[in-house]
Amino acid sequence: MKTAVVFTAVLASAAAFAPAPQGRPTTAVQDTFMNKIFGMDLFAPNPDVNSYGARDKKDLKVGKIGDKSYVPSGLTAAQYNKIRDEASAKKAANYKRNVAKAGKFLDYTDFYTKRGTDKNDNWFKSVTRGHDMAKTKYDWSGTEDAKGYDGGKKK
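Residues numbered from 1 in each chain as written. Predicted model: local features only at pLDDT ≥ 70, side-chain atom pairs only at ≥ 80, totals over all residues. Heavy atoms only, no water.

A. Summary view of the overall build of the protein chain. A count of helical and extended segments in the protein chain gives five helices and zero strands. Moving toward the C terminus, one meets the helices and strands of the protein chain in the order α-α-α-α-α. A burial count over the protein chain gives 8% of its 155 residues as buried. Within the protein chain, residue pairs in contact and separated by at least 24 positions form 23% of the contacts whose partners lie at least 6 positions apart. Total accessible area on the protein chain stands at roughly 14,800 Å², and carbon and sulfur atoms take up 59% of it. (Helix = DSSP H or I, 4+ residues; strand = E, 2+ residues; numbered from the N terminus. Buried < 20%, exposed > 50% of the residue type's maximum accessible area, 1.4 Å probe, protein only. Contact = heavy atoms within 4.5 Å. Areas by Shrake-Rupley, 256 points an atom, 1.4 Å probe, with all protein chains shown as cover.)

B. Quick peek at the layout of surface pockets. What the largest pocket holds in volume is close to 300 Å³. In terms of lining, the largest pocket is formed by Arg55, Asp56, Lys58, Leu60, Lys61, Val62, Arg84, Ala87, Ser88, Lys91, Ala92 and Tyr95. (1 Å grid on protein atoms, 1.4 Å probe; cavity = no way out; pocket = protein on both sides within 12 Å on 5 of 7 lines; lining within 4 Å. Points joined across faces, edges and corners; volume = space filled by probe spheres on them.)

C. Geometry of the packing of aromatic side chains. A full pass over the atoms with the stated rule returns two aromatic pairs. When the centroid spacing of 6.2 Å and the interplanar angle of 45° are considered together, the rings of tyrosine 52 and tyrosine 95 count as tilted. Residue tyrosine 52 is found in the loop between helix H2 (33-38) and helix H3 (77-100), and its partner tyrosine 95 is found in helix H3; the two are separated by 43 residues along the sequence. Residue classification places tyrosine 95 among the buried residues on the basis of a relative accessible area of 12%. With 6.4 Å between their ring centres and 90° between their planes, tyrosine 70 and tyrosine 80 make a pair best called edge-to-face. In this pair, tyrosine 70 is assigned in the loop between H2 and H3 and tyrosine 80 in helix H3, connecting sequence segments 10 residues apart. Given the relative accessible area of 17%, tyrosine 80 is considered buried. Directly above the aromatic system of tyrosine 95 lies the positively charged group of arginine 55, at a separation of 3.9 Å from the ring centroid. (Phe/Tyr/Trp six-rings, centres within 6.5 Å; stacked < 30°, edge-to-face > 60°. Lys NZ or Arg CZ within 6 Å of the ring centre and 35° of its normal.)

D. A look at the confidence of the model for the protein chain. Taken over all residues, the pLDDT of the protein chain has a mean of 79, while the share at 70 or more is 82%. When the elements of the protein chain are averaged for pLDDT, helix H1 (residues 2-16) gives the smallest value, 72, and H3 the largest, 92. (pLDDT = per-residue confidence, 0-100.)

Set out below in structure tokens:
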């Protein structure tokens, strides 16, 4: 026991008189854990994965009917598959139609100058107050020669 205490005391005094390490301590900022997380680019492997219209590039499909799959009563598996395929085709066509419309818009500056807002306020005194009105199937002006609403009567 005495030898252990003496040995520890000698070791401590020797360490106290040892020369200090030379050189300047580093001042470089280490990346913290949160900086590493916030700096991750999750879209780096596939940058277009979230862009509009990217659904066509993905391998999305409706699952096939198996032996233990649900089939509504009154239908065969083939009939149910046909209904599901038609719904899937309709959904894909609708998505394709909407992707084709992407990025097409009316330029507000053209609309603004067309209605004359930049020159006077006559647009405010009009019936529509400068709005573009939607076209309807029937003419609601009340004139005799206009096609009127017939209540959906069969001819």
